[in-house]
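A structural walkthrough
For reference, the chains in residue letters:
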Amino acid sequence: MQTRIRPLKCLCCRNFQIFSKPKAQTLVQFKHNQSLVLIQQESTSNFRTFHDETREIPEYCSQGKHEFLRSPVPSKDESSAMDSKALEVQTLLKQINGQKSVNEIEQALTLLGLSLNEDLVLNVLRRHRSDWKSAYLFFNWVSNSSGYSPGTGSYNEILDILGRMKRFNEVTQLLDEMSKRNKSLINERTYGIVVNRYASGHMIEEATNFFYKRIEFGLQLDLIAFQTLLLSLCRYKHVEAAEFLFHSKKNEFQFHHNIKTMNIILNGWCVLGSLREAKRFWNDIVTSKHKPDKFTYSIFINSLTKSGKISTAVKLFQAMWEKGCTPDVTICNTIIDGLCFKKRIPQALEIFKEMNERECCPNVSTYNSLIKHMCKIGRMDKVDELLREMKEKGGDCSPNDRTYGYLLNSAKTVEQVVGIKEDMERSGVKMMSDGYNLMLRLFMGWGDEERVTWTWREMEKSGVGPDQRSYTVMVHGLYEKGKMEEALVYYNMMVSKGMVSEPRTKVLVQAINIKLKEGGLETKA
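Since the model is a prediction, treat every value here as computed from it, not as a measurement.

Let us look at the overall build of the protein chain. What the protein chain contains, in helices and strands, is 26 helices and four strands. Per-residue burial over the protein chain gives 53% buried out of 525 residues. Pairs at least 24 apart in sequence give 65% of the contacts found in the protein chain among residues at least 6 apart. Carbon and sulfur atoms provide 49% of the accessible area of the protein chain, an area that totals close to 25,300 Å².

See the structure below:
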């Protein structure tokens, strides 16, 4: 079958522009035979996101021709001392940033007498992932005034923070600085971060050009790097551009595409929600020399379930067994989640029961799908049963932060929230920003100001926030309680950190300003 793709009038080879700016959609990446494959996050929470996967790697390893170097893991005592020092820096920056000049802040940092190393710098930067101004100020002090030269890990972290906040001028400056200092500072993870963040900013031309600049940094133009570019474009819904690049490079000798590359494009169309284009590309795969593998089936079955075609997905799932292509746990999870969503829970539990019989062991994502939907229908007895089973099995079935997130979301009282939080700690599960934000929303709704304050401080102490969502919860929650001036304080704090508020929050703040002016009070937003 002849491949069909809509022509792109403003897209050609290395110099092109796409004028639409779609919103980002979270994808998940995993590796298979040293290649990159994508599937949607809901179907496999045990896989890490693209950036997190590149972060968690052995001390020295390689992926094909791509090599990575990681610092030794510090001991428990060293980590505790490092956390203490990082918290000291975080507290200092919080107290004086915005009130003092850059020179005064740098002098204050110098007076701390820090013994800088890569792990401490990374610790501080990760505490400011939602506060790019403080992170960038600290990094510049480290790089220019402290006498310590940051390594690749620190550069990568600040690049990701700046890219996440769309500070691309600063990203360009840092890349120039890295290149001038030592081109070897720019490694595969640097490439992945920059390409991903350019794609998130809908800067397709810049992302593509950065791929070609790999040669300047001593990196090869190989298939894995090209797949990284494609998956970044698809992640932020530039699938048409990604498929154009795929077809334009498929005949070049260094880009001998395989089924993994085609899976990236297929998944892109699926995540975009274009079932028509997904079917078209599925047919292209079926008629090509690259036959579908488990991941191809997983992607397409996931697309069918998300489009509400659960019956068709179940038929394709059953056809896999008949063709001798045994579905893995990811595909089973997708079917279970889709059946639960359609309220066909008995059928979902039947597949869950059959998984062990067919030597397809459930994992935490399997249990999370069932727990999520059991919480929605109030079957807390079944939830407790599944949670006990997860703890007994352990390993890949151990509860994670998402498990407890579903439990928190179903909590009805302060006591239940406290109990869930304590159970998390006993299980050794670290609460992430989503969990803290959920607790903020619950405590705010219940009017428990003391626990709201405690949650906020715990979030700061743990280094996972507060983020844009945290401030949004506070602004809207305080407004609903009639505390308009306090809501403005949190809004101004959010804006001062360079965070972009949601449209609904901007509308709310405008309403607050009008009400305060009518009451004769001065506003500051």
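Now for the packing of helix H10 (residues 223-235) against helix H12 (residues 259-272). Two elements in contact, H10 and H12, have axes separated by 9 Å at closest approach and are oriented at 5 degrees. By the angle between their axes, H10 is roughly parallel relative to H12. For the pair formed by H10 and H12, the contact residues are Leu223, Gln227, Leu230, Leu231 and Cys234 on the first element and Lys260, Thr261, Ile264, Ile265 and Gly268 on the second. Tallied by class, residues from the contact of H10 with H12 come to six nonpolar, three polar and one charged.

A separate point is the packing of aromatic side chains. Aromatic ring pairs are described here by two measures, namely the spacing of the ring centres and the angle between the planes. For the coordinates displayed, the defined rule picks out 18 aromatic pairs. Here tyrosine 191 and phenylalanine 210 contribute two aromatic rings whose centre-to-centre distance is 6.1 Å and whose plane-to-plane angle is 10 degrees, an arrangement assigned as stacked. With tyrosine 191 in helix H8 (residues 188-200) and phenylalanine 210 in helix H9 (residues 204-212), this pair connects stretches of sequence that are 19 residues apart. Assigned by exposure class, tyrosine 191 and phenylalanine 210 land together as buried. Here the aromatic rings of tryptophan 282 and phenylalanine 300 are separated by 4.6 Å at their centres, their planes lie at 15 degrees, and the arrangement is stacked. Of this pair, tryptophan 282 sits in helix H13 (residues 275-286) while phenylalanine 300 sits in helix H14 (residues 294-306); the two residues are 18 residues apart in sequence, bridging distant segments of the chain. Each member of the pair, tryptophan 282 together with phenylalanine 300, is buried.

Our next topic: the pattern of salt bridges. This model, assessed by the stated rule, comprises 27 salt bridges. Note that lysine 260 and aspartate 293 form a salt bridge whose closest N and O atoms lie 3.8 Å from each other. With lysine 260 in helix H12 and aspartate 293 in the loop between H13 and H14, this residue pair connects regions lying 33 residues apart in the sequence. Residues lysine 260 and aspartate 293 agree in their burial class; the two are buried. Note that arginine 379 and aspartate 381 form a salt bridge whose closest N and O atoms lie 3.3 Å from each other.

With 147 residues, the main nonpolar core has Leu109, Phe138 and Leu229 as its most contacted residues. Ranked by residue count, the leading element in this core is helix H5 (residues 132-144), at eight residues. When residues no more than four places from it in sequence are discounted, the contact partners of leucine 109 are Val89, Leu92, Leu93, Leu137, Phe138 and Trp141.

So, about the UniProt feature "repeat: PPR" (unreviewed entry) in the protein chain. UniProt's entry tags residues 258-292, 293-327, 328-362, 363-397 and 467-501 with the feature "repeat: PPR" (unreviewed entry), counted in the numbering of this structure. The annotated region residues 328-362 carries 74% helix and 0% strand content, and the separation between its end C-alpha atoms amounts to 10 Å. Helix makes up 74% of residues 467-501 and strand 0%. Its end C-alpha atoms lie 11 Å apart.

Turning our eyes to something else, we now look at helix H18 (residues 364-376). Between its first and last C-alpha, H18 extends 18 Å over 13 residues, near the 18 Å set by a 1.5 Å rise per residue. By the criterion of burial, H18 is predominantly enclosed, with 12 of the 13 residues buried. The inward-facing, buried residues of H18 contact helix H16 (329-341), helix H17 (345-357), helix H19 (380-393) and helix H20 (401-409). The residue sitting at the N-terminus of H18 and contributing the capping side-chain oxygen is asparagine 363; that oxygen lies 3.1 Å from the backbone nitrogen of serine 365. Immediately beyond the C-terminal end of H18, within one or two residues, lies glycine 378, with a positive phi of roughly 80 degrees.

Turning our attention to H12. Taking 1.5 Å per residue, 14 residues should reach 20 Å; H12 reaches 20 Å between its end C-alpha atoms and fits that length. Summarising burial for H12: 13 of the 14 residues are buried, a large majority. Looking one or two residues beyond H12, the residue adopting positive phi is glycine 273, at roughly 85 degrees.

What follows is about the environment of serine 462. Structurally, serine 462 can be placed in helix H23 (residues 449-462). Here serine 462 falls in the partly exposed class, since its relative accessible area comes to 25%. The spatial distance from the C-alpha of serine 462 to the C-alpha of methionine 431 is 8.8 Å, given a sequence separation of 31 residues. For serine 462, the contacting residues outside a window of four places in its chain are Lys430 and Tyr436. Within polar-contact distance, the side chain of serine 462 engages the backbone oxygen of methionine 459 at 3.0 Å.

On the basis of relative accessible area, tryptophan 282 is assigned to the buried category, the value being 12%. For the pair tryptophan 282 and phenylalanine 300, spaced 18 residues apart in sequence, the C-alpha separation works out to 7.7 Å. If we ignore the near neighbours within four places in the chain, the residues touching tryptophan 282 are Leu266, Pro292, Thr296, Tyr297 and Phe300.

Moving on, we get to the packing of helix H7 (residues 168-181) against H8. H8 packs onto H7 with a crossing angle of 160 degrees between their chain directions and a minimal axis gap of 12 Å. Here H8 runs roughly antiparallel to H7, going by the angle between their axes. Handedness of the crossing formed by H7 with H8: left-handed. Listed contacts from H8 to Phe168, Val171, Thr172, Leu175 and Met178 of H7 are Thr190, Val194, Arg197 and Tyr198. In terms of residue class, the contact of H7 with H8 is made up of six nonpolar, two polar and one charged.

Calculation criteria
Residues numbered from 1 in each chain as written. Predicted model: local features only at pLDDT ≥ 70, side-chain atom pairs only at ≥ 80, totals over all residues. Heavy atoms only, no water. Helix = DSSP H or I, 4+ residues; strand = E, 2+ residues; numbered from the N terminus. Buried < 20%, exposed > 50% of the residue type's maximum accessible area, 1.4 Å probe, protein only. Contact = heavy atoms within 4.5 Å. Areas by Shrake-Rupley, 256 points an atom, 1.4 Å probe, with all protein chains shown as cover. Axes fitted to C-alpha atoms, helices over the stretch in contact; angles between N-to-C directions. Parallel < 35°, antiparallel > 145°, perpendicular 65-115°, else oblique. Nonpolar A, V, L, I, M, F, W, Y, C, P; charged D, E, K, R; others polar. Phe/Tyr/Trp six-rings, centres within 6.5 Å; stacked < 30°, edge-to-face > 60°. Salt bridge = Lys/Arg side-chain N within 4 Å of Asp/Glu carboxyl O. Core = buried A, V, L, I, M, F, W, Y, C linked by side-chain atoms within 4.5 Å. UniProt positions renumbered as here; feature names shortened; annotations may be inferred. Expected span 1.5 Å × (residues − 1). Polar contact = N/O pair within 3.5 Å; in protein donor to acceptor, adjacent residues only side chain to side chain. Left-handed = near helix turned anticlockwise from the far one by under 90°.

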